[in-house]
Amino acid sequence: MVLARVVGTVVSTSKVPQLGGIRFLLVERLDAATMKGTGDHVVAMDSVGAGPGEVVFYVAGSSSRLTPVTEGRPADATITAIVDEVEMNGTTVYRKDAS
Amino acid sequence: MVLARVVGTVVSTSKVPQLGGIRFLLVERLDAATMKGTGDHVVAMDSVGAGPGEVVFYVAGSSSRLTPVTEGRPADATITAIVDEVEMNGTTVYRKDAS
Amino acid sequence: MVLARVVGTVVSTSKVPQLGGIRFLLVERLDAATMKGTGDHVVAMDSVGAGPGEVVFYVAGSSSRLTPVTEGRPADATITAIVDEVEMNGTTVYRKDAS
Amino acid sequence: MVLARVVGTVVSTSKVPQLGGIRFLLVERLDAATMKGTGDHVVAMDSVGAGPGEVVFYVAGSSSRLTPVTEGRPADATITAIVDEVEMNGTTVYRKDAS
Amino acid sequence: MVLARVVGTVVSTSKVPQLGGIRFLLVERLDAATMKGTGDHVVAMDSVGAGPGEVVFYVAGSSSRLTPVTEGRPADATITAIVDEVEMNGTTVYRKDAS
């Protein structure tokens, strides 16, 4: 899975019927060492109620269909978790309350 | 999913039978921060009637077969939505009418 | 799918039985803007009788098994179409007869 | 599969139900020639009890669901082995006890 | 599929049960134009008895499970062929006996 930050939203009215009712979030991949954005953006389906600015991870590929929200949907990236804390080499590099 | 702009078409007569009746669009991936083209192009199947110049997103991988148009087809990229609006960090970076 | 040019062949006698009777072509990915090779090569299964120098597109991933030739085969790239014409931003950047 | 080192952990309480009970490890991909980190990090599910600092390999894509721990889970990267030794060009470039 | 050279082996005793009896080879991707290594390494399952120094191709993704050796295994890269010859633009760039 990939660490990312929710940075925006994407709105579409002309879309395939299988996308009805889905919330599309724009996420920016994070460099785990610095927790800064890498400039790479992905449009991900939201399955956890993630909000702007939150650090999440998303799953790519066929597994992005394995959530209650995205089952049977044409997904290739789905946010499956809001991240509380990232620890690296014994140091807390991110904590939700502290951000 | 990946933000992209429809920049052209690809025509083929010698193809596997499973590709009959499919419209192949050439799309250029967009840098979401600037909404400019990155120079990376993909041939995507159209499932929403997207036209030249339109901003869309496409789905990659096995999910590109999960639309009414592409079911059972050898697809790895399918346009599933025409984008109306992209909002990033509280700013509208793209609106269809304004482009 | 990915625009590419057939640049060669790969021959193997020691292979898994599921590869019997398959033609392996070496293809070079093309930059769609210039239709020049990028230097990135892939070994693709041929399902359309593509020949040396021809511009094709191939499908990657699980969909590369969805052709009459490659069904049930361990494929991750299959040529599914010989390209007749590529149009970009209103200009014909490639036409088969003209190349 | 990809050689990587376990460098940390990721904690999440707000997540899809299919992620319950899974341990999320932060792994850094390794350059096999030097066995040094590349700076690329992935969040992987643990299926072998890997610990901090250990060299492992993980599997990506749909196969990351083919372990007793991750079956049916929305995974795209799962640690499936703790590496004891890596030999390259006749030289042992990594041995677990020696690290 | 991807041209690569077998450059080493990876040994693991702590692994998921589905990996029992599998031989893990370290392969280096090749630049087809020069047949030299690119410095990118992958851990691949062997299904053809490939040996050190041999040029092979491997299949990635779900198809890496479609061999007698790897069926049902958590694989994302499997060597499916030992390469005898690579021809590019009318020139033999690699022949097994000649290397």
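Residues numbered from 1 in each chain as written. Chains lettered and ligands numbered in written order. Predicted model: local features only at pLDDT ≥ 70, side-chain atom pairs only at ≥ 80, totals over all residues. Heavy atoms only, no water.

(A) Region of interest: the arrangement of the chains. There is a gap between chain B and chain D: no contact, and a shortest C-alpha distance of 10 Å. Separated throughout, chain B and chain E approach each other most closely at a C-alpha pair spaced 10 Å apart. (Contact = heavy atoms within 4.5 Å.)

(B) How the structure looks around the relation of the copies chain A and chain D. Note on the copies: chain A fits chain D at an RMSD of 0.0 Å, the axial shift is 0.0 Å, and the rotation between them is 72 degrees. When the rotation and shift are considered jointly, the pair of chain copies conforms to a five-fold rotation axis. Here only 4% of the contact residues of chain A are again contact residues in chain D; the copies associate through non-equivalent surfaces. (Least-squares fit on C-alpha atoms with pLDDT ≥ 70 in both.)

(C) Expanded view of the interface of chain B and chain C. Each partner contributes residues to the interface: chain B has 29 residues there, and chain C has 26 residues. Where chain B packs against chain C, one counts zero salt bridges. The tally of links between chain B and chain C comes to 14 residue pairs in polar contact (both at pLDDT 80 or more). Where the side of chain B that touches chain C is concerned, the elements lending two or more residues are strand S1 (2-11), strand S2 (14-15), strand S3 (24-31) and strand S4 (36-46) of chain B. Here the element with the most residues in the side of chain B that touches chain C is S4(B); it accounts for six residues. Residues that form the side of chain B that touches chain C fall into these classes: 15 nonpolar, 10 polar and four charged. (Salt bridge = Lys/Arg side-chain N within 4 Å of Asp/Glu carboxyl O. Polar contact = N/O pair within 3.5 Å; in protein donor to acceptor, adjacent residues only side chain to side chain. Helix = DSSP H or I, 4+ residues; strand = E, 2+ residues; numbered from the N terminus. Nonpolar A, V, L, I, M, F, W, Y, C, P; charged D, E, K, R; others polar.)

(D) Seen up close, the interface of chain A and chain D. Contact residues are listed per partner, giving 26 residues for chain A and 29 residues for chain D. Here chain A packs against chain D, burying approximately 2,000 Å² in sum over the two surfaces, 57% of which is carbon and sulfur. Across the contact surface, chain A and chain D share zero salt bridges. The interface formed by chain A and chain D includes 15 residue pairs in polar contact (both at pLDDT 80 or more). Among the elements of the structure, strand S5 (55-60), strand S6 (77-82) and strand S7 (85-88) of chain A are those that each provide at least two residues to the side of chain A that touches chain D. Two strands pair when backbone bridges link them, and S7(A) and strand S1 (residues 2-11) of chain D are joined in this way by four bridges, in the antiparallel orientation. When the sheet's bridge partners are listed, Val86(A) is paired in S1(D) with Val10(D). (Buried area = accessible area lost by both parts, 1.4 Å probe. Pairing = 2+ DSSP bridges.)

(E) Quick peek at the side chain of Thr67(E). With respect to the element layout, Thr67(E) can be found in the loop between strand S5 (55-60) and strand S6 (77-82). Judged by relative accessible area, which is 2%, Thr67(E) ranks as buried. Among residues more than four places away in sequence, those in contact with Thr67(E) are Val16(C), Gln18(C), Ser47(E), Thr78(E) and Thr80(E). (Buried < 20%, exposed > 50% of the residue type's maximum accessible area, 1.4 Å probe, protein only.)

(F) Spatial organisation of the environment of Thr13(E). Along the chain, Thr13(E) turns up in the loop between strand S1 (2-11) and strand S2 (14-15). With residues near it in sequence (within four places) discarded, Thr13(E) still touches Ile82(D) and Asp84(D).

(G) Main features of the pattern of salt bridges. Residues and elements named next belong to chain A. What the rule picks out here adds up to 15 salt bridges over all chains. Salt-bridge contacts for Arg 23 lead to Asp 46; the nearest nitrogen and oxygen are separated by 2.5 Å. Here Arg 23 is found in the loop between strand S2 (14-15) and strand S3 (24-31), whereas its partner Asp 46 is found in strand S4 (residues 36-46), with 23 residues between them in sequence. On the accessibility criterion, Arg 23 (40% relative accessible area) is partly exposed. Judged by its relative accessible area of 7%, Asp 46 falls in the buried class.

(H) Focus on the pairing of S6(E). With six of six residues buried, S6(E) is to be regarded as a mostly interior element. The pairing of strand S2 (residues 14-15) of chain C with S6(E) spans two bridges and is antiparallel. Bridge pairing in S6(E) places Ser14(C) opposite Ile82(E). Two elements, strand S4 (residues 36-46) of chain E and S6(E), share two bridges in a ladder whose sense is parallel. The partner of Met45(E) across the bridge, within S6(E), is Thr78(E). Relative to S6(E), S5(E) runs antiparallel, the two sharing five bridges. Considered in S6(E), the bridge of Val56(E) is made with Ile82(E).

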